[in-house]
Amino acid sequence: MPGMVVFGRRWGIASDDLVFPGSFELFVRVLWWIGTLILYTYHKGHFDCNGGGVLHSYLVGLLTVLGLIILSLCAIVYVSAQGTITNPGPRRSIAALVYVRALLYIPELVWACLGAVWVSDDSKGSVVARWVVLSNTFIIFIFSLFQNNWIILLFTLLGVVFVFDPLGNPRPQPPTMEPLGVRDLESSEGTQFLSTARSLAVKVWESRLRLLCCCLPQDESHRAAFSSIAQLVSGFFSDTDLVPSDIAAGLALLHQEQDKMEQSRDPDVIATHSPSSPIGEDLEIELEKAAHCMRFAAAAYGWPMYIYSNPLTGPCKLSGECCRSRAAEYDIVGGDHLGCHFSSILHSTGLQYRDFIYVSFHNQIYEIPFFVALDHKREAVLVAVRGTLSLRDVLTDLSAECENLPIEGVSGACYAHKGMCQAAGYIYKKLVNDGILNQAFSIAPEYKLVITGHSLGAGTASLLAILLRNSFPTLQCYSFSPPGGLLSKALADYSKDFVVSVVLGKDLVPRLSIPNMEDLKRRILKIVSNCNKPKYRILLQGCWYELFGGDPDDFPTEMDNRREEELSQPLLGEESLIIRHSSSYQSLASDDSPAHTAAHLPLFLPGRILHITEDGPSRRSCFSQVRYRAEWSSEMAFRSVLISPRMLADHMPDAVLKALCSLTSDRPFSLCPSSISNNQHNTI
């Protein structure tokens with residue numbers, strides 16, 4: 001698990017991460033060596049041409065260098081495959097083998113340079129004239145040797161850059177050490193050391209964010225967002241010594257463990273009414289309303305979602321309209337210079353141009369697109385907020401610290417997700433201060449207010465509904481796939497009267513919050529520390545399970561006999577930076593969710609939660625029918641992250657829309673990606 005320490009610094013890979021890259025390079029090198037040996041043997045007596053002696057020496061040297069490289073790779077792969085993730089003892093010699101392999105790059109580089117000089121040297125006549133007695137196959141192979149040399153060296157350089165860890169510089173260790181190796185960070189030296197390390201980590205993450213968002217203006221608002229996000233991310237990873245492959249292995253093990261628990265669980269009893277709703281409000285009616293509003297939430301994404309949902313017909317329908325002159329229409333369409341977004345909204349919603357009160361595609365950090373339209377079918381003034389579709393939206397998503405949101409009439413602590421709270425405030429000012437809602441209700445005073453959105457738009461729509469609730473007591477909000485870390489408990493309970501959240505399957509985003517991520521990190525630490533299999537086997541079996549299914553692993557452990565109090569101690573690696581009393585290591589042997597931890601304020605999903613799941617086995621062929629069921633759920637059912645191949649696919653707006661349509665339509669409907677028009681049954 002600890003990052004490998006070579007050349008005086010820590011790297012972003014562990015000593016057991018060299019099995020797969022080493023095996024791949026070994027395979028290439030062996031083929032290369034065999035091919036070179038065969039052609040060298042076959043043409044052994046034909047090196048008396050002009051320049052043939054140099055070529056002969058080059059090939060002999062190349063065979064020698066390749067042989068040494070192959071031997072070193074065999075040793076690296078073998079040693080790297082030993083031990084377990086948290087038991088690097090059998091891999092103690094991997095650093096020395098890496099040094100040997102690095103030294104072999106010197107003669108390889110020299111040989112590559114000599115080959116390049118030999119090929120480019122034309123002082124003795126053309127290259128083809130030198131090899132007139134050699135076959136064309138041999139000539140082509142020689143050229144490929146020179147090219148492969150440089151290609152492998154280039155990929156090696158890229159690999160070094162990829163695993164380079166800016167925080168891996170050797171640092172002076174605090175002088176005080178406890179018997180188990182945990183630093184005494186209560187001392188002044190330890191506190192100063194820890195503060196310096198944290199500041200450096202924040203600066204590194206800020207630099208990464210600026211590089212990732214280099215196309216965005218570097219103004220004050222963006223710099224503030226970069227700083228807050230960097231503090232959040234660096235704090236999340238500061239108490240662990242995990243490398244990316246450790247996380248991948250832990251996720252693979254967790255997926256199989258969760259599937260095993262799900263298979264042994266008794267079938268749930270399906271509820272037909274919300275416990276918080278009136279007796280007469282039927283689940284089918286709520287599903288029909290949700291399916292209707294989801295069309296508007298998906299339409300808010302504009303032409304990208306329309307093309308994604310209609311890859312064959314969408315481009316043809318929009319191509320003739322995007323560049324059409326609509327001078328009179330641009331007073332309500334902002335930020336859509338070609339009109340493609342607005343045209344796609346018209347096609348998706350079925351509304352007419354005159355039905356739209358305001359449409360804005362203006363997009364900045366904390367300022368997201370939305371539109372206001374008259375929905376005559378449901379007799380509603382509908383506000384649809386767009387979800388994440390740009391880097392600015394991602395920054396809004398990641399601004400996940402809490403911000404106070406006092407609401408009149410709500411007792412208890414009132415706080416919410418900062419980025420979405422700011423976005424809701426921006427839209428609120430537009431709707432109220434600019435008179436957009438007054439304009440809409442002056443046209444249709446008998447209509448009610450409905451707010452909807454998906455993902456980022458769902459969280460913003462829920463907060464906007466809370467802000468507008470006192471002014472519009474009859475408003476309704478339909479929030480599709482909202483983020484889990486959105487509202488405080490008081491605001492979540494307050495929103496149950498007018499917000500309905502729809503979650504599909506094992507969608508990641510409604511389970512995404514800082515406490516849940518701390519829980520996921522704790523579970524990964526526990527499961528990788530207890531597994532007695534080498535990492536390469538975990539990853540291979542995990543890939544096979546994801547692709548082809550099968551029975552979940554039994555998870556044999558090498559620490560079954562360890563005392564529980566020992567399991568609750570931090571997992572120590574070589575020269576690891578471990579923080580005392582980290583919430584990630586508390587109760588490591590317990591399976592309880594850490595939603596109660598005080599490290600971060602708990603946040604919840606908004607309103608009543610309508611959970612849609614597939615009825616039947618989780619794995620099916622693409623041509624099999626899918627049955628859905630819908631039930632009212634509790635926010636506590638989303639207090640841990642579920643690992644599944646569907647965790648991202650279930651978040652897509654088209655998947656949510658198709659699931660809702662399948663539940664509300666009498667006509668069977670298929671959700672198979674490759675066969676959208678096939679039949680499918682629905683269940684409530």
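A quick note: this is a predicted structure, and the numbers were derived from the prediction, not measured. (Residues numbered from 1 in each chain as written. Predicted model: local features only at pLDDT ≥ 70, side-chain atom pairs only at ≥ 80, totals over all residues. Heavy atoms only, no water.)

A tally of regular secondary structure across the chain gives 22 helices and 13 strands. Buried residues in the chain amount to 51% of all 684 residues. Contacts in the chain between residues at least 24 apart in sequence constitute 72% of all its contacts with a sequence separation of at least 6. Of the roughly 32,000 Å² of accessible surface on the chain, 61% is carried by carbon and sulfur atoms. (Helix = DSSP H or I, 4+ residues; strand = E, 2+ residues; numbered from the N terminus. Buried < 20%, exposed > 50% of the residue type's maximum accessible area, 1.4 Å probe, protein only. Contact = heavy atoms within 4.5 Å. Areas by Shrake-Rupley, 256 points an atom, 1.4 Å probe, with all protein chains shown as cover.)

The subject of this paragraph is a nonpolar patch on the surface. Taken together, the side chains of Leu103, Ile106, Val110 and Leu114 make up a nonpolar region of the molecular surface, amounting to roughly 370 Å² of accessible area. Checked against the element boundaries, Val110 lands in helix H3 (residues 94-120). (Patch = residues over 30% accessible without salt bridge, like charges linked within 9 Å, V, L, I, M, F, W, Y side chains within 5 Å. Salt bridge = Lys/Arg side-chain N within 4 Å of Asp/Glu carboxyl O.)

The next thing to look at is the environment of Asn363. Inspection of the secondary structure assignment puts Asn363 in the loop between strand E4 (356-360) and strand E5 (370-375). Relative accessible area serves as the criterion here: at 14%, Asn363 is assigned to the buried category. Residues Asn363 and Leu389, spaced 26 residues apart in sequence, show a C-alpha to C-alpha distance of 9.7 Å. Leave out the neighbours within four places in its chain, and Asn363 touches Ile368, Pro369, Arg386, Ser390, Arg392 and Asp393. In terms of polar contacts, Asn363 uses its side chain to reach the side chain of Arg386, at 3.2 Å. A polar contact is formed between the side chain of Asn363 and the side chain of Ser390, at a distance of 2.6 Å. (Polar contact = N/O pair within 3.5 Å; in protein donor to acceptor, adjacent residues only side chain to side chain.)

Right, let's get into the UniProt feature "transmembrane region" (unreviewed entry) in the chain. UniProt marks residues 26-43, 55-78, 98-119 and 131-164 with the feature "transmembrane region" (unreviewed entry), using the numbering shown here. What you have in residues 55-78 is 100% helix and 0% strand, and the ends, taken at the C-alpha atoms, are 34 Å apart. (UniProt positions renumbered as here; feature names shortened; annotations may be inferred.)

On to helix H1 (residues 19-42), then. Working note: α-helix, 3.6 residues per turn, so residues spaced by three or four point in the same direction. For H1, built from 24 residues, the straight-helix expectation of 34 Å at 1.5 Å per residue is met to within 8% by its first-to-last C-alpha distance of 34 Å. Here H1 has its buried residues at Val19, Gly22, Glu25, Leu26, Arg29, Trp32, Gly35, Thr36, Leu39 and Tyr40. (Expected span 1.5 Å × (residues − 1).)

We now examine the pairing of E4. Among the five residues in E4, four count as buried, and that is most of the element. In the sheet, E4 pairs with E5 via four bridges, with the strands oriented antiparallel. Looking across to E5, one finds that Val359 is bridged to Phe371. (Pairing = 2+ DSSP bridges.)

One finds Val381, Val383, Leu431, Leu449, Ile451 and Leu463 to be the most contacted residues of the largest nonpolar core, which totals 46 residues. Sorting the residues of this core by element identifies E5, strand E6 (380-385), helix H14 (418-433), helix H15 (436-443), strand E9 (448-454), helix H16 (456-468) and helix H17 (489-494) as the ones contributing at least two each. Here Val381 is in contact with Val372, Ala373, Leu374, Leu437, Ala440, Phe441, Tyr447, Lys448, Leu449 and Val450, once residues within four sequence places are set aside. (Core = buried A, V, L, I, M, F, W, Y, C linked by side-chain atoms within 4.5 Å.)

Another aspect to go through is helix H19 (residues 535-548). Between its first and last C-alpha, H19 extends 20 Å over 14 residues, near the 20 Å set by a 1.5 Å rise per residue. Buried residues of H19: Lys535, Ile538, Leu539, Gly542 and Tyr545, and no others. Each buried residue of H19 lies within a common arc of 130° when the element is viewed along its axis, so the set occupies one face. For H19, the exposed residues lying more than 90 degrees away from the buried face are Trp544, Leu547 and Phe548. (Arc of directions from axis to C-beta.)

This paragraph deals with the pairing of strand E10 (residues 476-480). Of all five residues in E10, four are buried, a share of seventy percent or more. The parallel pair E9 and E10 is bridged by H16, and the resulting crossover is right-handed. Pairing analysis gives four bridges linking E10 to strand E11 (residues 499-504), with the strands arranged parallel. By the bridge assignment, Tyr478 is partnered in E11 with Val500. (Right-handed = clockwise from strand over helix to strand, strands pointing away.)

Not every positive phi belongs to a glycine, and Glu379 is a case in point at roughly 50°. With respect to the element layout, Glu379 can be found in the loop between E5 and E6. Here the phi dihedral of Ser481 falls at roughly 55°; this positive angle occurs in a residue that is not glycine. Turning to its location among the elements, Ser481 is positioned in the loop between E10 and H17. Exposure remark for Ser481: the relative accessible area of 0% places this residue in the buried category.

Another point: the packing of helix H8 (residues 244-263) against helix H18 (residues 514-530). Two numbers describe how H8 lies on H18: the axes approach to 9 Å, and their chain directions differ by 90°. Classified by the interaxial angle, the pair formed by H8 and H18 is roughly perpendicular. In this structure, H8 uses Asp246, Ile247, Gly250, Leu251, Leu253, Leu254 and Glu257 to contact H18, whose residues at the interface are Leu520, Arg523, Ile524, Ile527 and Val528. In terms of residue class, the contact of H8 with H18 is made up of eight nonpolar, one polar and three charged. (Axes fitted to C-alpha atoms, helices over the stretch in contact; angles between N-to-C directions. Parallel < 35°, antiparallel > 145°, perpendicular 65-115°, else oblique. Nonpolar A, V, L, I, M, F, W, Y, C, P; charged D, E, K, R; others polar.)

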